[in-house]
Structure formats: structure tokens, C-alpha cells
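# Fold and contact review
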Amino acid sequence: MISHFAVYDSRGLITGIVSCPKSMGKLQGTTERPAIEVPETVTDSNSYIAAGEVLPKQPLNLQILSIRIIANGTDECVISNVPAGTTVEWPDGQTDEVTDGEVRFSVDLAGTYTLRFSAIPYLDQEVAIEAVIPT
């Protein structure tokens with residue numbers, strides 16, 4: 001019989017899912033990255049591990065005043081209520097860790113820009129910001 005095992009790190013981040021006979025499951029992990037049996041529906045994008053238990057990721061509760069800004073390099077989209085330790089991926093691919101609960105975005109070229117937020121106990125979330133030509 002095939003079982004499914006999640007390999008995870010000390011933060012609870014699932015780093016891999018392995019399908020194998022149940023007798024081989026615990027061998028898939030290490031001291032630093034143990035393995036735990038999980039239902040087939042568990043993935044790294046919908047679950048995490050805490051205290052040896054599989055838990056569902058919850059939605060981020062980001063607060064955004066406006067997703068439309070003027071493309072003048074000064075007007076900003078302010079995203080608050082960002083949990084500390086969340087990673088934000090900027091449109092250019094650079095990533096930063098949020099430490100103060102807030103992200104500010106401005107740009108001087110018109111277009112639609114997507115920021116991606118990722119944190120272990122939360123579902124990933126994308127925010128599309130529209131920058132318009134100043135009038």
C-alpha cells in the first residue's frame with residue numbers, strides 16, 4: 001500500500017512530498033528535515049506542519065488602500081497588516097522579508113505590476129497594482 005509523506009523543515013515549511021510504501025516513509029526524512037504521513041491532498045502550497053501536525057494554510061489578511069496609483073515615482077500603494085517574516089517578491093524578481101508589517105510600492109512607468117506575498121502559515125497571495133499615466 002502506498003502512503004504519502006511530507007518532508008518539512010524546522011519552520012514547518014513542507015519541502016517535499018514523497019509517495020512510497022508506509023514502511024519506507026520515515027526513511028524519507030532526516031533529523032533536520034523529518035517526514036510525517038499526510039493525506040494525499042496535502043501540498044506545500046495548502047499546508048504546513050506545526051508540532052508534528054498537518055495544518056491548513058490560512059489566507060493573508062492584507063489591507064490595501066488602493067491598487068491604482070499614479071505612475072510618477074511618488075504616489076504609493078501601501079499594503080499593511082503584512083505578518084512579520086512574510087516574503088514579498090517584487091515585479092523585478094527581487095525578494096525582501098517584511099519586518100515592519102507594511103509594504104510600499106511606487107513606480108514611474110505606467111503598467112500593471114504584481115507583488116507576491118509568501119509566508120509559511122499562510123496561502124500565497126498576489127496583489128496586482130495598476131500604475132496609470134499622470135494627467
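The structure displayed is predicted, hence computed values, not measured ones.

### Notes on the pairing of strand S2 (residues 14–21)
The pairing of strand S1 (residues 2–8) with S2 spans seven bridges and is classified as antiparallel. Following the sheet pairing, Tyr8 is matched in S2 by Ile14.

### Some thoughts on the pattern of salt bridges
Under the definition given, this model contains six salt bridges. In this structure, Arg104 and Glu76 form a salt bridge, with 2.6 Å as the shortest nitrogen-oxygen distance. In this pair, Arg104 is assigned in strand S11 (residues 102–105) and Glu76 in the loop between strand S7 (68–70) and strand S8 (77–80), connecting sequence segments 28 residues apart. Of the residues examined, Arg104 reaches a relative accessible area of 44% and is grouped as partly exposed. Glu102 is the partner of Arg104 in a salt bridge, and the nearest nitrogen-oxygen pair spans 3.0 Å. Via salt bridges that share partners, Glu76, Glu102 and Arg104 belong to a single interconnected network.

### Concerning the sheet that holds strand S12 (residues 111–118)
Strands sit in the order S7-S13-S12-S9-S10 across an open sheet of five strands; the sheet is mixed. The open sheet terminates on both sides in strands that have one partner only, identified here as S7 and strand S10 (95–97). Going from strand to strand, the sheet's axes swing by 25° on average, the running direction of each strand aside. Where S12 meets strand S13 (residues 125–132), seven bridges bridge the pair, whose relative direction is antiparallel. Opposite Gly111, over in S13, you have Ala131 as the bridge partner.

### Looking at the pairing of S1
Counting buried positions along S1 yields six of seven residues, so the element is predominantly enclosed. Where S1 folds back onto S2 in an antiparallel hairpin, the turn is made up of five residues, including Gly12, whose phi is positive at roughly 100°. Inspection of the sheet shows S1 paired to strand S3 (residues 35–38) by four bridges, in the antiparallel sense. By the bridge assignment for S3, Ala6 is matched with Ile36.

### Digging into the side chain of Ser3
When you line up the elements, Ser3 lands in strand S1. At 3.3 Å, the side chain of Ser3 forms a polar contact with the side chain of Glu37. Excluding residues that lie within four positions of it along the chain, Ser3 makes contacts with Val18, Ser19, Cys20, Lys22 and Glu37.

### Here we look at the nonpolar core
The biggest cluster of nonpolar side chains holds 19 residues, and the ones touching the most others in it are Ile79, Val103, Phe105, Leu115 and Phe117. Listing elements by their share of this core, those giving two or more residues are S8, S11, S12 and S13. Sequence-distant contacts of Phe105, defined by excluding residues within four places in its chain, comprise Ile69, Asp75, Glu76, Cys77, Trp90, Pro91, Tyr113, Leu115 and Ile129. Tyr8, Ile14, Ile36 and Ile49 belong to the second-largest nonpolar core, a separate cluster that totals seven residues.

Criteria and thresholds
Residues numbered from 1 in each chain as written. Predicted model: local features only at pLDDT ≥ 70, side-chain atom pairs only at ≥ 80, totals over all residues. Heavy atoms only, no water. Pairing = 2+ DSSP bridges. Helix = DSSP H or I, 4+ residues; strand = E, 2+ residues; numbered from the N terminus. Salt bridge = Lys/Arg side-chain N within 4 Å of Asp/Glu carboxyl O. Buried < 20%, exposed > 50% of the residue type's maximum accessible area, 1.4 Å probe, protein only. Axes fitted to C-alpha atoms, helices over the stretch in contact; angles between N-to-C directions. Polar contact = N/O pair within 3.5 Å; in protein donor to acceptor, adjacent residues only side chain to side chain. Contact = heavy atoms within 4.5 Å. Core = buried A, V, L, I, M, F, W, Y, C linked by side-chain atoms within 4.5 Å.

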